[in-house]
Number of protein chains: 2
Amino acid sequence: MNIILLSGGSGKRLWPLSNDIRSKQFIKIFKTEDGYESMVQRVYRQICSVDKNAVVTVATSKAQISALHNQLGDKIGISAEPCRRDTFPAIVLATSYLHDVQGVSEDEVVIVCPVDPFVTEDYFKALYHLGKQAEKGEANLVLMGIEPTYPSEKYGYIIPASNEEVSDVITFQEKPDVKTAEGYLSRGALWNGGVFAYKISYVLDQAHKFIDFRDYQDLYQTYDTLEKISFDYAVVENEKKIQVMRFGGQWKDLGTWNTLTEAMEGEIIGKGIQNEDCQGVHIINELGIPVLAMGLHDVVISASPEGILVSDKEQSSFIKPFVDSLDQQIMFAEKSWGSYLVLDVEQGSLTIKIKLNPGHYMNYHSHKNRNEVWVVISGEGHTYVDGMRQSIRVGDVITMEAGCRHTVFAKTELQLIEVQLGEEISVHDKQKYELEW
Amino acid sequence: MNIILLSGGSGKRLWPLSNDIRSKQFIKIFKTEDGYESMVQRVYRQICSVDKNAVVTVATSKAQISALHNQLGDKIGISAEPCRRDTFPAIVLATSYLHDVQGVSEDEVVIVCPVDPFVTEDYFKALYHLGKQAEKGEANLVLMGIEPTYPSEKYGYIIPASNEEVSDVITFQEKPDVKTAEGYLSRGALWNGGVFAYKISYVLDQAHKFIDFRDYQDLYQTYDTLEKISFDYAVVENEKKIQVMRFGGQWKDLGTWNTLTEAMEGEIIGKGIQNEDCQGVHIINELGIPVLAMGLHDVVISASPEGILVSDKEQSSFIKPFVDSLDQQIMFAEKSWGSYLVLDVEQGSLTIKIKLNPGHYMNYHSHKNRNEVWVVISGEGHTYVDGMRQSIRVGDVITMEAGCRHTVFAKTELQLIEVQLGEEISVHDKQKYELEW
């Protein structure tokens, strides 16, 4: 199977666990045997268990590259948009990445699906059959139609010609109101989950109608000149040869705390206590300090270094405008080399904890407007400071004046306390260099 | 007025703002013109505004000395029990402190009152009159009787002989059930708020009946040998000449989040947002990150470096056993020289932020089992490290091996990041020294 996972969005609806740089698919919330995994880890694991030879490419934005490498390692392909366009350019870019970079033949089928539905393995088996159906060539596009469980206003609908497993598509409908949705259901309509399969040659042909490009590299270089246009508008609505394959298994959209907590196995992640009078209460706590809940009903409590949410579950779907109104700097982030966490913010200083994974290192860089001090609190490795290599271990202190070029390599897992000092501390104050060694 | 303020207890009922070393009277929760003040600051300010010459002595435990100096400065007297005994030894110790250390004549009257009722200035005017009544010598003890507003089970009751402003006392009653309390109220009973006035000579005479001691110093030295006995049991129950003076002004016991939030002026202290569907919600947030509350009713949310409480207000009075079950180290503390806050806890390291007030310094000390690194993030001062004096300013780094003697003096307000490194980090690993300079 060739799969393109669409990994988008900055999920503010799951604040404080998601933020401008951590989308909801990276929150580790699903119980595994030895801890928790994120949506993207869960989906990738499920794909591999259905087809261990699956070629998985994540279509995403630049901002997610570090988090993807951090959570999935280096086995996955990443097709990162150099800037945000709509789904048509993104799917074309990922398709040509598969063809030109990964060397997948243009006769092969690709299955596109969003990274964030909460599903079981039968969903990925269905994807496999979706691909097989596309291989037959009876249609140019084969969509997955999800059998509705209620007349939802949240999804688009596909009206199939018949109620057979595979059917031609009569028409598509935008998100309706409940009454209209009830009408669709009586006509046997299916939810459009944004899942579809096609032959690479088909989408590349469609792409060349709209876009003048030679190959992936060329497309990537000129990506900022492309028009913002959705795949539905550019391709689906103009295509006559479309089939839909129905899927009746579990498929949940976990976009809000209300729906996400329904999918949680236990009621508490992290340090938390509930008294016996709590009912329907979920605690998701990424802080090191305990949460105590007393006498609450149908409430979600979520705490991270970004903030603390305490919300009635129904109302949790309305948090976005309130989160938008918060003026909170990014307090934690997963990077390709590890992660960092802001410990203290003062006028003129910022103290963070840096964790580097074994064998990883950060960019060689300098800052114009701040000095920095590193104190090694665990692990071993070495630093390069203005070209000088130095081994480091617990207790070592490294001071770096503004302008000084520096990086650190982790031999084992390495943790540093970094104190930044200066009147204008900004994440944008960073010059990167090639390491001269 | 000579006033002894009884400042006791480790108020776990107001966790996470109170903890083993910060009692509820030190929580800054009452709005002032330029910030917030604590119960103890509020009471001290109110006393001074009624009688600017008042001699105030706080009867407390050793653990509170630093916080009292931090919040009240050096103007107050402190009579600190060297170890915990009951109220009789504590009041005798404070009374002999007033007599022997502060030089108050034994003919003078002392008024004893708990530090934690929420009152207005008329209460302290009533204390003044209570003292005047005791001066008359009609009785050996003059109690304040608070006019009940409801048949409470939480207080002891005083049954007066008449409903005049000053009356003899017929008897005392322990905390009753509601039905019994209703009966007391119909007989004109008053709440016993633990407030009383006496002449110093009276209590010292009573003390010598039970305890063999010469003076304050002698009593302090032998304090650990004293029997635990309450003032009520040792003195009040055996005294025939007792009067009660009634008080009908505001008097509230703010011992739980439910009652405390009733006394708050606004609904939010610290960073917090409520949506329009929140009703009766209070947010008290000492963390630097925001709290967002959505669709909650009659809930208190309190966050500090120790933890996060989210409780139905009624149920907030039952938090103690749950807080007792938490195994959380002390995360912040007010010291006589300033304060500290734990930023990060790892196996083998602890990172804290230290703030020193201008002109203050910590003890000259060393640690057996840890190295330390200081990074100055604001202010100016100087360090002594193994007897060597060094001026410090922002950006300076000081490294201290285990065994090395060190202290820091603040010229201006001074802030340090301190990284502690070692396998056995403990607050008890501390040897103090006289500074040799």
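Above this text you will find the structure in question.
Quick summary incoming for the structure in this document. Not measured: the values here are computed from a predicted model. (Residues numbered from 1 in each chain as written. Chains lettered and ligands numbered in written order. Predicted model: local features only at pLDDT ≥ 70, side-chain atom pairs only at ≥ 80, totals over all residues. Heavy atoms only, no water.)

### Observations concerning the packing of aromatic side chains
Residues and elements named next belong to chain A.
Consideration 1: Counted by the stated rule, this structure contains 36 aromatic pairs over all chains.
Consideration 2: Ring centres of Phe 88 and Phe 210 lie 5.3 Å apart, and the angle between their planes is 65°; this geometry places the pair in the edge-to-face category. Here the residue Phe 88 occupies a position in helix 3 (residues 87–101), and Phe 210 occupies one in helix 6 (residues 200–210), the gap between them amounting to 122 residues.
Consideration 3: Residue Phe 210 is classed as partly exposed on the basis of its relative accessible area, which comes to 45%.
Consideration 4: Among the aromatic residues, those joined into a cluster by ring pairs are Phe 88, Phe 196, Tyr 198, Phe 210 and Phe 231.
Consideration 5: Here the basic side chain of Arg 42 rests over the ring of Phe 30, its NZ or CZ set 5.6 Å away from the ring centre. (Phe/Tyr/Trp six-rings, centres within 6.5 Å; stacked < 30°, edge-to-face > 60°. Helix = DSSP H or I, 4+ residues; strand = E, 2+ residues; numbered from the N terminus. Buried < 20%, exposed > 50% of the residue type's maximum accessible area, 1.4 Å probe, protein only. Lys NZ or Arg CZ within 6 Å of the ring centre and 35° of its normal.)

### Description of the pairing of strand 28 (residues 406–410) of chain B
Residue and element names in this part refer to chain B.
Consideration 1: The buried fraction of strand 28 amounts to 5 of the 5 residues, a majority that puts the element mostly inside the structure.
Consideration 2: Taking every second residue as pointing to the same face, both faces of strand 28 are buried, with His 406, Val 408 and Ala 410 on one and Thr 407 and Phe 409 on the other.
Consideration 3: Bridging between strand 25 (residues 381–385) and strand 28 involves 5 bridges; their strand directions are antiparallel. Within strand 28, the residue paired with Gly 381 across the bridge is Ala 410. (Pairing = 2+ DSSP bridges.)

### Re the sheet that holds strand 19 (residues 307–312) of chain A
Consideration 1: With respect to topology, 6 strands assemble into an open sheet ordered 14(A)-16(A)-18(A)-19(A)-17(B)-15(B), the strand pairing being mixed. Unpaired on one side and paired on the other, strand 14 (268–269) of chain A together with strand 15 (272–274) of chain B mark the two borders of the sheet.
Consideration 2: Sheet topology note: the strand 16 (residues 282–285) of chain A/strand 18 (residues 299–304) of chain A ladder contains 4 bridges and is parallel. Residue pairing across strands places Ile 284 of chain A opposite Ser 302 of chain A, the latter belonging to strand 18 of chain A.

### Considerations on the interface of chain A and chain B
Consideration 1: Of the residues lining the interface, 56 residues belong to chain A; the matching set on chain B comes to 55 residues.
Consideration 2: Both sides together, the interface formed by chain A and chain B hides about 4,100 Å², and carbon and sulfur atoms give 71% of it.
Consideration 3: Interface area lost by chain A to chain B is led by Leu 292, Met 294 and Ile 308 of chain A, which between them contribute 17%.
Consideration 4: For the pair chain A and chain B, the number of links is 4 salt bridges.
Consideration 5: A salt bridge links Lys 353 of chain A to Asp 344 of chain B, with the shortest nitrogen-to-oxygen separation between them at 2.8 Å.
Consideration 6: For the pair chain A and chain B, the interface holds 22 residue pairs in polar contact (both at pLDDT 80 or more).
Consideration 7: In the side of chain A that touches chain B, the residues fall into 33 nonpolar, 15 polar and 8 charged.
Consideration 8: Here strand 17 (residues 291–294) of chain A pairs with strand 19 (residues 307–312) of chain B via 4 bridges, running parallel. Bridge pairing in strand 19 of chain B places Ala 293 of chain A opposite Val 310 of chain B. (Contact = heavy atoms within 4.5 Å. Buried area = accessible area lost by both parts, 1.4 Å probe. Salt bridge = Lys/Arg side-chain N within 4 Å of Asp/Glu carboxyl O. Polar contact = N/O pair within 3.5 Å; in protein donor to acceptor, adjacent residues only side chain to side chain. Nonpolar A, V, L, I, M, F, W, Y, C, P; charged D, E, K, R; others polar.)

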